[in-house]
Each structure stands twice: as structure tokens, then as C-alpha cells.
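Commentary on secondary and tertiary structure
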Amino acid sequence: MDSPQAVPPRLDIGGIANPRSVAVFGASDNKDKFGGRVMHYLTRHGFAGRVLPINPNRAEVLGFPAFRSIADAPKPIDVAILAVPAASLVQSVGECAAAGVGCCVVMTTGFAEAGTDEGRDQQRRIVETARAAGMRIVGPNCMGMISPLANMALTSSLVLEIDRIRTGSVGLVSQSGALMVSIFNRAHDAGIGFSLCVSLGNQSDLEICDFIDYLVGDAATKAICVYVEGFKDGARFLRSAAACRAAGKPLVIVKTGRTPAGERAAQSHTASLAGSYAVLQAACRRHGAILTDDPDAMVRLADLLVRWPTLGGDGIGVVSPSGGGAGIGVDRTVEAGMRLAVLSDATKKRLLEVLIPPQADNPIDLGGRRSGDVAGTAGKVMTPMAQDPDVAALLVVLTTVPFYEATTKELASAALASGKPVLFSVTPGSAADGPRRGLRELGCPYFDSLDQALRVLKLMVDYRALKAQDMHAPPRPGDLPPPASLRGLQAGRLTEPEAKRLLAAYGVPVTREAVAASPEAAVEAAGRIGYPVALKVVARDLVHKSDVGAVKLGLADEAALRTAWQAATESVRRHMPGAAIDGCVVQEMVRGEAELIVGVRRDPLYGPVVLVGFGGVLVEVLEDVQLALAPISPAQGEALMRRLRLWPVLAGVRGRKPLDVPAVAHVLSRLSWLAVDLGERLVDLEVNPLMVRTTGGGVVAADARGMLAALKA
Ligand code: ADP
Ligand code: MG
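Residues numbered from 1 in each chain as written. Chains lettered and ligands numbered in written order. Predicted model: local features only at pLDDT ≥ 70, side-chain atom pairs only at ≥ 80, totals over all residues. Heavy atoms only, no water.

**Here we look at the overall build of the chain**
- The helix and strand tally for the chain stands at 23 helices and 31 strands.
- For the chain, the proportion of its 713 residues judged to be buried stands at 56%.
- In the chain, the proportion of contacts linking residues at least 24 apart, taken out of those at least 6 apart, comes to 72%.
- When the accessible surface of the chain is split by element, carbon and sulfur atoms take 53% of a total near 28,600 Å². (Helix = DSSP H or I, 4+ residues; strand = E, 2+ residues; numbered from the N terminus. Buried < 20%, exposed > 50% of the residue type's maximum accessible area, 1.4 Å probe, protein only. Contact = heavy atoms within 4.5 Å. Areas by Shrake-Rupley, 256 points an atom, 1.4 Å probe, with all protein chains shown as cover.)

**Notes on the pairing of strand E6 (residues 103-106)**
- Neither face of E6 is open: one carries Cys103 and Val105, the other Cys104 and Val106, and all of them are buried.
- Strand direction decides the pairing type here: strand E5 (residues 79-82) and E6, joined by four bridges, are parallel. Bridging from a neighbouring strand, alanine 80 pairs with cysteine 104 of E6.
- Assessed by its sense of winding, the connection that carries the chain from E5 through helix H3 (residues 86-98) to E6 is right-handed.
- Examined bridge by bridge, E6 and strand E7 (residues 136-138) share three bridges and lie parallel to one another. Counterpart to cysteine 104 in the pairing with E7 is isoleucine 137.
- For the crossover from E6 across helix H4 (residues 117-133) to E7, the handedness is right-handed. (Pairing = 2+ DSSP bridges. Right-handed = clockwise from strand over helix to strand, strands pointing away.)

**Section: the pattern of salt bridges**
- Counted by the stated rule, this structure contains 40 salt bridges.
- The closest approach of N and O atoms between aspartate 121 and arginine 124, which form a salt bridge, is 2.2 Å. Of this pair, aspartate 121 and arginine 124 are both found in helix H4, three residues apart, which corresponds to roughly one turn of the helix.
- A residue is classified by how much of its surface remains accessible, and arginine 124, at 42% relative accessible area, is partly exposed.
- Among the salt bridges present, the one from glutamate 405 reaches arginine 437, with a minimum N-O distance of 3.8 Å. Residue glutamate 405 is located in helix H14 (residues 404-417), and its partner arginine 437 is located in helix H15 (residues 433-442); the two are separated by 32 residues in the primary sequence.
- On the basis of relative accessibility, which here comes to 29%, the residue glutamate 405 falls in the partly exposed class. (Salt bridge = Lys/Arg side-chain N within 4 Å of Asp/Glu carboxyl O.)

**Considerations on the side chain of lysine 249**
- Relative to the helices and strands, lysine 249 is located in the loop between helix H7 (234-246) and strand E13 (251-255).
- No salt bridge is formed by the buried lysine 249, whose closest oppositely charged neighbour, aspartate 218, lies at an N-O distance of 6.1 Å.
- Residue contacts for lysine 249: discarding those within four places in its chain leaves Leu215, Val216, Gly217, Asp218, Thr221, Lys222 and Cys244. (Lys, Arg positive; Asp, Glu negative; His and termini not counted.)

**Here we look at the sheet that holds E5**
- The strand order E2-E1-E5-E6-E7 describes an open sheet built from five strands, whose pairing is parallel. A single partner strand is all that each edge strand has here, and the edge strands are strand E2 (50-54) and E7. Sheet twist, expressed as the average angle between the axes of neighbouring strands with direction ignored, equals 20°.
- In this fold helix H2 (residues 34-44) packs onto strand E1 (21-25), E2 and E5, with an angle of close to 160° to the strand it touches most, E1.
- Seen against the sheet, H3 touches E1, E5, E6 and E7 and runs at an angle of roughly 170° to E5. (Axes fitted to C-alpha atoms, helices over the stretch in contact; angles between N-to-C directions.)

**Digging into the nonpolar core**
- One finds Phe184, Phe194, Leu395, Leu411 and Phe424 to be the most contacted residues of the largest nonpolar core, which totals 83 residues.
- The element best represented in this core is helix H16 (residues 450-468), accounting for 10 residues.
- A domain-level breakdown of this core finds at least three residues from each of domain 2 (143-307) and domain 3 (310-468).
- Among all residues touching phenylalanine 194, those that are not within four sequence positions of it are Pro148, Arg166, Thr167, Gly168, Val170, Leu172, Ile183, Phe184, Ala187 and Val299. (Core = buried A, V, L, I, M, F, W, Y, C linked by side-chain atoms within 4.5 Å. Domains from an automatic or database assignment.)

**What about the sheet that holds strand E22 (residues 513-516)?**
- Here four strands make up an open sheet; going across it, the order is E22-E25-E23-E24 and the pairing antiparallel. On the outer flanks of this sheet lie E22 and strand E24 (551-555), each paired with one strand and no other. Each adjacent strand pair in this sheet contributes to an overall mean axis angle of 20°, direction not counted.
- For E22 and strand E25 (residues 581-588), the ladder comprises four bridges, and the chain directions are antiparallel. In the strand pairing of E25, alanine 514 is matched with valine 586.

**Overview of the domain arrangement of the chain**
- With domains assigned, the chain is organised as domain 1 (1-141), domain 2 (143-307), domain 3 (310-468), domain 4 (512-588) and domain 5 (594-708).
- A separation of 50 Å is found between the C-alpha centroids of domain 1 and domain 3.

**Quick word on the side chain of aspartate 218**
- Mapped onto the fold, aspartate 218 is located in the loop between helix H6 (208-216) and strand E12 (223-228).
- Setting aside anything within four residues of it in sequence, one finds aspartate 218 in contact with Ser195 and Lys249.

In C-alpha cells form, the structure reads like this:
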């Protein structure tokens, strides 16, 4: 449920972000105290709402009449901010609820995040008290919020020592309070303003998605940044991400706090390879959200996407005042996985008017100019470069240059006039302070590190590709068995033959095989299947069969089969004394040009996911796997495969024939539907290896394993 409120909320999020009045618990003049800093920052930036200091020992604070208790303060009290000691928080929250407060912003720490039963219990009591009254809670363990459009700083952080809070179009929702104010501060220095910054701490009541949803509908917000350690509800996050996409608002996310791989990870490749972060990546891709690992890059990207929502292509133009800068710029751009724009003849001709021949191409080195007028040349170079149809974005590696500030401004204004994104990477230190000032005056984005400039530029390029992908939910294929057919399945580990029967029912090709209870039955089965055959011991507890000598391959005749039976069963008994052996499976020998792993797993937060990768024994070594949220269409399955590093092997390299990609894509789609149909019963199910033949030859599952959960009552 999105709103588990016992009674309707007194205030919606818009009312919380733009309160008519704010009560400050523990208000004081003393900046060494939480309540002192909150008062200072709240009053310093021009908050137009009413300020209500709460302090039994004071008649006034910073010139505002103080109240003995929240009960004495005049109504309405939209928001109360509390940094009271943990021991008295429950009582204070109770008083707020009784006084009709709309929302408590709780900075106090020591609750659920402390990991103690007492902390969790107290947090629960606070939330219960609030919900019973229709009061909302932000926090605890947060740093409050900053509402630039309301000139409201509701935090104790010293980053509010600035003269003025910039307004802007980026909304920032952060679980961490300290990170929120650090990000705010950095962005402020880079000239970036926000529509709203909020920290949620423990997300005890209001959670990250409540604010994402609010910002989606907020006209002042054009891009949304989220720092998160854990979403409370994966499905809700997916809905919020989809809403951002529908509203055309980029959603940029930094996520930490990856959960350790679960208990079962050791038993299944799919579980260890499809860890929660990898699944979040897939979820973000599915819904067009951008995931990055650096908070600064997140905000810089959001700012750029507000200014330049779409790239016209993926060609990058590189300009530098020096050959060294141009050289480094080009190498690093290409190494970062981006493409250098190919300039048209017309552009090159225009460049030749001001540059000597070798320089009149991408990358441009201003050093190769014909005239002594450096600043003038800069503009004449940048304009045609920026206007070239294949240049989608510009990177300027700004080394020193004569008439530094003037030349920089010429470069920047000409680039900005083109309407295409331009990023400056400023190479020198203090010598470039003048040019930096010039860039700030022009509102031209710059970075003090080439790494960061490239990272953000690459994210822009990737975002363009992300938006272009097929994000449709695939229709359910008509020839799948009804989900009800899965009802009778037993919980627990599936043996290879059981897993394969399940797969076969969903249209995944598997080896022809038969389970035999005795060597005689095995011989009889092999006669039907045809030699050579493979023999594998069937035992429920057996996970990695070849590790314990339970797999015998290429058995040419009856004698080999009998010997193999003996050896394999003995080996399993030796390695796993007491294991219940159900016999052996006899199967056809199959071959493929590549061995893939394909699997599905149910993620506790985001539901069923499907995985494909290069498998066999090298699966963990190669770590070449890709994930998607299930279900997927065959076309989406193929798109997933194209993301594999070893995709060229599937596509056919160096005269090798291409492999049957459509057959793998079909299997991925089928598996993804099986995962959907198994629902909560699915733990994981994987095929390793899936033998892949050349185009038209199809695929076949040579091995399979799986685990099902018990049906919930
Ligand atoms: P494990 O439980 O150890 O993964 P597998 O059934 O996957 O056991 O067998 C190990 C390897 O043997 C496979 O990776 C594959 O290379 C090969 N193999 C298994 N079954 C067959 C088969 N029917 N035909 C050809 N090769 C097979
Ligand atoms: Mg295997």
C-alpha cells in the first residue's frame, strides 16, 4: 500500500515542502546547538512562513516569540523539526500529533538504524503515533530538507552558511542526510540550484518514492536525483521510475548498501551473478532510469539533462587550445566508449579558413591557427565545429592559452550558441581561475577533472541509447501452458530431469533422456536413445555433479555405460555418504559451438529476473552476464545478448559462422514467462550449459537445476 495511513494525512507532500509555518524544537540563538543552527538557517534565507520557536526557557529566539510547548504555539503548524534527544522523541512526537502538526521532520538518531530492538521499537511507536493522527514523518536520522522556492532551509547543516539558496530544476531525494547537504553544497558551487532537496533517513513513514512521485508532478522539477541505500518497496520504485519516464523527467540514481549475496548464492550461479545491485541495474534499464556510482556526477548529469534534454546523436567533438589537450581528450573520449564525430567536408572547409590543414579536423587544436588573433579564431573554430551535423556534444579540454579568459569565453559562447551540450574540462589549477569565472558568468558547465567530464558525458550518451530501447511489456505468447499447470510442483531442489521437464513444458529444447533405476534399465534406455550417451547420477542433494564425479560423457557402448554407472555411483557415495541416489539419467550427447548459461531467479525486491551469459565452467571467471526483469520478448532477449562482452562470438567473428541467436532469444523469453508464472514459488532455475549451434541448428539444454519455494498459505 502506498499510504498505510490509519487516518488521512493532514498534509500532502507539497504542503510539507512549502509549509505555512515551521516549529523548531529546542530553538536557541546558539549555533553550537542543533536547534540554534536550525533557527539561524531557517531565518537567514528569507523563509516567508511563520517561524515558531519551541523552548520552555525562552521568551523569544532570534527575535521570534518562543512557546513553552508545541501545544501553546498558534495553529496551523504545518511542520515541526525535531533534534531532541532520542529518549524524549516519542513524547515530543506525541505532543506534535496532539497539537495538529502536519509533519515531523526528525533529525534525532538512534532508532532502526542503530540495529537494536529498542531503537526499532521506538521508531515503530513514533510511526504508529503519527499515523493514528494523520501526521507524517520525515526521518528519523535525517538532515531535514531545503525548499529553495520557499527560501526554506530546514536543516542544521553548516552548508547553509551561504548567502542565498539557488533555485533550479533538479529535485534531490537522498536517504543519507550528510550526503544530501554535501551534494547540495557541491552543486551550489557549480552554479546548480534545486527545486527541492530532502533527506529521508530511515524512511520510517514517508519514503523515497513518496518524494519521487511528488517531484514527478511538480512543475518546477525537470530532473530527479536519488541517493538510496535501500528502497522500501521494489515494485513501488518501478512504478515511480515509470512515472518519471512518462513525465519525461530523467531519473538519476546512486545506490549503495548492496546486500550480501544470500545463503543460496553458493549453490546457484544465477543467484550469485544476479545480485541485488545487478538486478537494480536491470530494473533501471527497463524503466529508463540512469544508475551511476557517484553523487556529484549524478547532479551534474541531471543539470545537463535539464539544459539539454536530448542529444542529437552520439558523435563527440573535441576542442583544445593545445595539441596535448586535444590528444588526451580524444584518447580518453574513445577509451570511455564514445565515438568521435566525423566532420563533413563543408565543416572542414570552413575550418580551413582559420586553421592550417592538419588541425582542421576533429579533434581541433587551436594551436594550428593561421592568425594571431587567438580569441577571434576560437569563435571561428567553435562555430562550424558545433554546427556540424555529426557533432552531438562538445568536449573542450581547456589547457592554458594566450588571452586566457577572452579565448575561453569565445569558445564557450560560440558553443552555447549552437544549442548543443558543451562540457569544459579545465586542466590548470589557479591559473585558470579567471576562465572559470568567465565560464560561470556564461553559465557554461565546466569540470576540474577530465574523468568527471567524461563520466558525465558518457552518461548523457548512454541515456540517449537507453531512451531509444524497446521498453514495451511483451504480450504473453499464446502457446504457453496455463500457469495453473505449475500448481502441483513440489517445493525444494529439482533434480536435473525434473528441471528439464519443467523447461520442456515451456518450450525450451532439452536433451532426449531417461531416468534409469538400474544398470540394466540404463542399457535399455541407451539402446533407445542411441550411443554415444551421457550418464549422470540423479540425487536431489547433488548440486555440482561433475565436482563429485557424477557425470560421465561420450559413453560409446554397453560396456562403457556399465563401467560408468559403477564409477559414478561409487564416486557420489564416497563424496556424499548418505545421499539418496535416485538412479542415473541416460541422455543423448549433444554438441554446440558455444555453451551459455541462461537462468531465472526471483529477486525479493524486483521480482522475476532473467539472465544470460557465457557459461560452462568459466561462468564466474568470465563474469559476462546480462540481466533483465522478466518477462521479455525474444527481441528483448536478443538485445540483452548484444550487451554481452562476448557477443561477437555469437554474432560470428573471424570467419566463424554466426550462432543461433534467435533460438537463444526464444529460450530467454520462454524462461522469463516460466519465471513469471512460477511467481513466488520461484527461487531460481538455470540451464548451464545451453548448447548453442550455428544459425538454424537451434539450442539444447544439456543440464538444468532449480529450486522452488513452498506455496504460501
Ligand atoms: P554439473 O552439475 O557439474 O554442472 P553438467 O550436467 O552440466 O554437470 O555436466 C558437466 C559438463 O558436461 C557440461 O558443462 C557439459 O560441458 C558436459 N555435458 C553435460 N551433459 C552433456 C550432454 N548431454 N552432452 C554433451 N555434453 C554434456
Ligand atoms: Mg552444469
